[in-house]
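So you can see what is in the structure, the chains are spelled out below.
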Amino acid sequence: MTTDVDGDVLSRYVVGIDLGTTNSALCYVDTEASPWRVETFRISQWVDFGQFEPRETLPSFHYEMTRDETATSEGKLPWETKPSAQCVGLFARDAGLRHPGRRIASAKSWLSHDGVDRSADFLPWHGDADVSRMSPVDASSKYLAHLRAAWDHEHPQYPLDQQDVVITLPASFDEVARELTVMAAKRAGLPRVFLIEEPQAAFYSWIDSQAGAWQERISAGQMILVCDIGGGTSDFTLIRVQPAGETSNQVQFHRVAVGKHLILGGDNLDLALAKLAEEKLLQQTGMAALSSDQWDRLIQVARLAKETMLRSDHPDRYTLSLPSQGSKLIGGALQVTLSAEEIDAVLVDGFFPHVALEDRPMAGESGFREFGLPYAADPAVTRHLAAFLRDHRRSGLAEGDTTSDDRPSWLLFNGGVMSAPSLRNRITESLSRWFSRDDDSLTAQPKALSLEVLESDRLDLAVARGAAYYAMVRRGEGVKIAANLGRSYYMQVAEPSSEGESIQAICLIPGSAEAGQRFEIGNHPLELQLGEPVQFPLWASSTRLADRAGEMVRIGVNEASRLPPIYTALGEGKRREAKTIRVMIQSELSEIGTVGMWCVDADSGRRWQLDFDIRSTLETDRQAHIAAGESAGIIDDDTIRACEAAIGRVFDTKPNLAPNKLIAELQCITELKRESWPPSLLRKMWQTLIDLQGGRRQSPQHEARWLNLLGYCLRPGYGVAVDDWRVSQTWKTVFGKLAFAAPQSRTESLILWRRIAGGMTSGQQQQLAAPLLSLLGGKGSRPENSELTESWRLAASLERIATQDKVQLGRVGLAELDRKKSEPIRPALLWTIGRIGSRQPVYGPLNTVVPRDEVERWLGQLRSVKTTESDAASTRKLLMLAIVQLARLTKDRHRDLSDDARSMTVGYFESVRAPHHYTTLLTDGGRLSSEEESAVFGESLPLGIRLAH
């Protein structure tokens, strides 16, 4: 039995898990073995129907069998009590070639995607209708749960949840993705894990493979570049070799820089090769386009072609065979042959082109939108690498150090993509050219590059091996990399006066921080008022690694990137309470690599933990923390106080202003129409209304006015700092707590929720949707038209409800269009159908978009709607705008209409003489105009805030 310095019993095994995008692996050390060594655990898994075998890697794929396949495969894994229709691993990967709509892939990439609700069940992305859905977190936990079950079966006396487990993740994963990885581990029954970055793990694996011989090769002053390109991401890391002491001949490894998060890897290569094959296939066959199912299969076939053609012994050409639509026989397959030169042009020259060291990656959106993932806009890995080295080549160097290298001396490859000799060669060629005597203009005294490659025999196992080795380092054995944080964290303290100007910020956690360190920022105390929502605008920089904790600095906008916000409302005091407290910020880097922050009362020592706004990052494809609304205009304090006083004259204890006079009074005070009130003023008035919410109980008219203005001031529920907090406060104050049962109060509450729906959680929206689905489905008595209109409009605004609920609402709404008694609410029905079936949500996640087959049926009905001269022009405009939302091109073939449906809709627009801009949105895509955005939202948007599309 082994114990640590505190006397705690240590686990017999330490385990390293590579939770990869394409493959996962598990390696371990038996700490009772002498000498200890890293070993690979062979993972039992299904390899075919009824056949399981142990393999060194577990492909990171999840598959749900068809009914026929389930009947064929009646076996169960050794640790299972009964057969299951779901599986992970090799069989899951290969079965997806036959049924891509039943397979989950690239779950790890989804963990870092802020454009979807990563806690929602939406994978497989646009999967078959009868397949169970799960979240990226749950899919990741399935792989970990399989590893745990396989391990426990082989080691019943030493279950995995009782061993030290280290899980790897990309160095560039942000705090949200790290937290989600830990969450996935907990769901898999691994409550205590440690994290290590993959490039570090790869370097640990290389150190382990050298058995001490590395000391004869590597010397102080050198720099090591780890180039890690896997199935989903590209990660770059720099490690400096520094003396262990002034008189010691020993050296230490210091990780000094990590690159930006890039969803750029093997998946991108597969897509590019599939695109080339599709273009040739369409030319050969004369087909207009492949179906989405054929495209999914083609991507799987392209992956096999890529792996074959990137080998050093590749053939001169490769034939890709694709089953024709509806055919199960090879004889009915579509085939296309690509030459080695064509494939190299796409994979080598396309992703690893020759670029200059001064080149910067292109900004914008990626051309690939096939899986809904935010792929890097610039596919050139070499261009990203050049920018990384330009930004970081002097990271970790002391001022005036001219002896240490500012260019890599050693290069370590990692990741499945880097197993290709042609791609490795292109990287080494680029580095040699960038840092040659003639080409390197960035150093005063240039010197020729002496670059050697550190060979790793198993790129597919290196990360898991390194993680297991690191677990031993944590126990004081082996060679340690002094891996500091690699990025510095800052709190912004002032808004820049103009766009592009540097920001003023306090360094909260320096880039030199190591796990377990805590910092107290006491030299810049803050004064906060209790009960007020407080935002902490956070930034992170991987280039400013020399700033010290507590230091006030100015940061250029290109030197740092924004993080999800941290916000809180301290205490329970009322807003008008005068009490304020002085607080300091405490920060720490946890043992597992996550960041923690606290607000501390400088006098009492009371602490409040500050949470990252993970919900807004998880549930929407908006960036709430950018707070664009704040820059749309500032109102002077005197005017704000006058507006607060006017609201008080209606809702305070001694009112002397009628509710129906309030808006006119506010417009008079501000000398602005209410559409021009900036968000900064709107949110101030929202707070005043919340403070005076008791005044709404004076009469139904008071409550109606209070509800109406409250929603107007908080619309659209996001766009200004701490809007999430404001929405939650509104929900607590209003939901289920109307003072009057009058129709006017009910109607105004519907309008309130519609206006702020963008800031609601999916759970809140579902609570609102349940009674609406019943009401609009015809159950119960039919309310007045005004209430019915707002019920439909609210239902359409709930973009986070389940897809099947949206489909139900759309079908009912279309049926209502044809009913005589629904003529008064026809504009609301058209607005609703367009919003529900939109190809691009206003604010909601893409995973809840109504399927295109369903939308194409809706379009057929809308094109047959007859408008007459008696219809208002606004109604005809709403009909066309609804059609635009349903048919607009997004360049994501899973969301976009079929060519036939698009052509029919274009023809319809031509026949009714629709604006040319509408036709362009159907054929080329693009943004809606500001006027169209307001129409889609339902009213004017606050200044400075636009829809997500």
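In case you missed it, the structure is sitting above this.
Residues numbered from 1 in each chain as written. Predicted model: local features only at pLDDT ≥ 70, side-chain atom pairs only at ≥ 80, totals over all residues. Heavy atoms only, no water.

S.K.: Looking at this structure, how should I read the overall build of the chain?
M.R.: The helix and strand inventory of the chain stands at 28 helices and 30 strands. Expressed as a percentage of the 949 residues in the chain, the buried residues total 57%. Restricting the contact set of the chain to residue pairs at least 6 apart, pairs at least 24 apart contribute 70%. Counting only carbon and sulfur atoms, one obtains 47% of the accessible surface of the chain, whose full area is about 38,900 Å². (Helix = DSSP H or I, 4+ residues; strand = E, 2+ residues; numbered from the N terminus. Buried < 20%, exposed > 50% of the residue type's maximum accessible area, 1.4 Å probe, protein only. Contact = heavy atoms within 4.5 Å. Areas by Shrake-Rupley, 256 points an atom, 1.4 Å probe, with all protein chains shown as cover.)

S.K.: Any chance you could explain the sheet that holds strand β9 (residues 103-104) here in plain terms?
M.R.: Across a sheet, paired strands are connected by hydrogen bonds in the backbone, their directions being either parallel or antiparallel. Spatial strand order, β8-β7-β9: three strands in an open sheet with antiparallel pairing. One side of each edge strand has no neighbouring strand; the edge strands of this open sheet are β8 (86-88) and β9. In this structure, strand β7 (residues 62-64) lies alongside β8, joined through three bridges in antiparallel fashion. In the sheet register, Y63 faces β8, and the bridge partner there is C87. The strands that helix α2 (residues 90-98) touches are β7, β8 and β9; relative to β7, the one it contacts most, it runs at about 60°. (Pairing = 2+ DSSP bridges. Axes fitted to C-alpha atoms, helices over the stretch in contact; angles between N-to-C directions.)

S.K.: What should I look at first to understand the packing of aromatic side chains in this one?
M.R.: Geometry of an aromatic ring pair is reported as the spacing of the ring centres plus the angle between the planes. For the coordinates displayed, the defined rule picks out 22 aromatic pairs. Judged by centre distance (5.9 Å) and plane angle (70°), the ring pair of Y13 and Y28 falls under edge-to-face. Note that Y13 is positioned in strand β1 (residues 13-18) and Y28 in strand β2 (residues 23-30), a separation of 15 residues in sequence. Each of the two residues, Y13 as well as Y28, counts as buried. Taking 5.5 Å as the distance between ring centres and 75° as the angle between the ring planes, the aromatic pair formed by Y13 and Y158 counts as edge-to-face. (Phe/Tyr/Trp six-rings, centres within 6.5 Å; stacked < 30°, edge-to-face > 60°.)

S.K.: Quick question: what am I supposed to make of the side chain of E748 here?
M.R.: By secondary structure assignment, the location of E748 is in helix α19 (residues 743-756). Setting aside its immediate chain neighbours within four residues, E748 contacts A704, L707 and N708.

S.K.: Just to check I follow, could you spell out the sheet that holds strand β26 (residues 561-562) for this structure?
M.R.: Spatial ordering of the open sheet is given by β25-β21-β20-β24-β26, a layout of five strands whose pairing is antiparallel. If you trace the sheet from one side to the other, it starts and ends with β25 (552-555) and β26, each paired once. Here strand β21 (residues 503-509) runs beside β25; their pairing, made up of four bridges, is antiparallel. Considered in β25, the bridge of I503 is made with I555.

S.K.: What is the right way to look at helix α25 (residues 873-887) in this model?
M.R.: One turn of the α-helix equals 3.6 residues, which is why residues spaced by three or four share an orientation. Here α25 contains 15 residues, and its C-alpha end-to-end distance of 21 Å stays within 8% of the 21 Å for a straight helix at 1.5 Å per residue. Counting buried positions along α25 gives 11 out of 15 residues, so the element sits mostly inside the fold. Of all the residues in α25, the buried ones are T875, L878, L879, M880, L881, A882, I883, V884, Q885, L886 and A887. (Expected span 1.5 Å × (residues − 1).)

S.K.: Before we go on, may I ask you to explain the environment of Y718 in this structure?
M.R.: On the secondary structure map, Y718 appears in the loop between α17 (700-714) and α18 (723-734). The sequence separation of Y718 and M760 amounts to 42 residues, and the corresponding C-alpha distance is 9.2 Å.

S.K.: Help me understand unusual backbone geometry in this model?
M.R.: A negative phi angle is the norm for most residues apart from glycine, just as the trans form is the norm for most peptide bonds. At the junction of S34 and P35, the peptide bond is cis and its omega measures out at -5° in the coordinates. Its place among the elements puts P35 in the loop between β2 and β3 (38-40). Residues R715 and P716 are joined by a peptide bond in cis, for which omega reads -5°. Mapped onto the secondary structure, P716 falls in the loop between α17 and α18. Notably, S106 is not glycine yet its phi reads approximately 55°, a positive angle. Secondary-structure assignment places S106 in the loop between β9 and α3 (107-111). Non-glycine residue E671 carries a positive phi angle of around 60°. Structurally, the position occupied by E671 is in the loop between α15 (662-670) and α16 (679-691).

S.K.: Would you mind going over the pairing of strand β12 (residues 223-229) with me for this structure?
M.R.: On any regular strand, side chains alternate: one points to one face of the sheet, the next to the other face. Across the seven residues that make up β12, a large majority, seven, are buried. Burial along β12 is two-sided: the face carrying M223, L225, C227 and I229 and the face carrying I224, V226 and D228 are both buried. Relative to strand β13 (residues 234-243), β12 is paired through seven bridges, and the arrangement is antiparallel. If you follow D228 over to β13, its bridge partner there is D235. Between β12 and β13, which pair antiparallel in sequence order, lie four residues.

S.K.: I tried to follow the nonpolar core on my own but got confused; where do I start?
M.R.: Across soluble globular proteins, nonpolar side chains have a tendency to be buried as a group. In terms of nonpolar packing, the biggest core is built from 89 residues, with L662, L666, M685, W753, L862 and F909 touching the most fellow members. If you tally residues by element for this core, the top one is α25, at nine residues. Leave out the neighbours within four places in its chain, and F909 touches M880, I883, V884, A914, Y918, T919 and L922. Judged by nonpolar contacts, the second largest core, of 59 residues, contains L269, M309, V348 and L459. (Core = buried A, V, L, I, M, F, W, Y, C linked by side-chain atoms within 4.5 Å.)

S.K.: Could you clarify how one ought to interpret the pattern of salt bridges in this entry?
M.R.: Two side chains of opposite charge can pair, provided their charged atoms sit close to one another. For the coordinates displayed, the defined rule picks out 45 salt bridges. The residue R360 makes a salt bridge to D391 at a minimum N-O spacing of 3.4 Å. Linking R360 in the loop between α9 (340-351) and α10 (381-392) with D391 in helix α10, this pair joins segments that are 31 residues apart in sequence. Classification of R360 by relative accessible area gives partly exposed; the value is 42%. The partly exposed category is assigned to D391, whose relative accessible area is 33%. Between E790 and R754 there is a salt bridge, with the nearest N and O atoms lying 3.5 Å from each other. Of this pair, E790 sits in helix α21 (residues 785-797) while R754 sits in helix α19; the two residues are 36 residues apart in sequence, bridging distant segments of the chain. The pair formed by E790 and R754 is uniform in burial state, with each residue classed as buried. A cluster of three or more residues bridged by salt bridges with shared partners is formed by R12, D30 and E32. (Salt bridge = Lys/Arg side-chain N within 4 Å of Asp/Glu carboxyl O.)

S.K.: Help me understand the state of the cysteines in this model?
M.R.: When the sulfur atoms of two cysteines share a covalent bond, that bond is a disulfide. Taken as a whole and assessed by the stated rule, the structure comprises zero disulfides. Cysteine C643 remains unbridged, with the sulfur of C713 as its closest cysteine sulfur at 9.4 Å. You can call C643 buried: its relative accessible area is 0%. (Disulfide = S-S within 2.5 Å.)

S.K.: I keep staring at α16 and nothing clicks. Help me out?
M.R.: Between the first and last C-alpha of α16 there are 18 Å, a value that for 13 residues agrees with the 18 Å anticipated at 1.5 Å per step. The element α16 is extensively covered by neighbouring structure, given that 10 of its 13 residues are classed as buried. Within α16, burial applies to P679, L681, L682, R683, M685, W686, Q687, T688, L689 and I690.

S.K.: I'm lost on the packing of helix α20 (residues 762-776) against helix α22 (residues 803-817) in this one. Help?
M.R.: Helix-helix packing is described using two parameters, namely the angle between the two axes and the distance between the axes. Interaxial distance between α20 and α22 falls to 11 Å at its minimum, and their mutual angle equals 30°. As far as their axial angle goes, α22 and α20 are roughly parallel. Helix-helix and strand crossings are classified by hand; for α20 and α22 the assignment is left-handed. Across from Q766, L773 and L776 in α20, the residues of α22 making contact are D805, Q808, L809 and V812. Across the contact of α20 with α22, the residue classes break down as four nonpolar, two polar and one charged. (Parallel < 35°, antiparallel > 145°, perpendicular 65-115°, else oblique. Left-handed = near helix turned anticlockwise from the far one by under 90°. Nonpolar A, V, L, I, M, F, W, Y, C, P; charged D, E, K, R; others polar.)

S.K.: Which parts of the structure should I look at to understand the side chain of S44?
M.R.: With respect to the helices, strands and loops of the structure, S44 is situated in strand β4 (residues 43-48). According to the relative accessible area criterion, S44 is buried, its value standing at 13%. With sequence-adjacent residues up to four places away left out, S44 is seen in contact with E53, P54, W79, H146 and A150.

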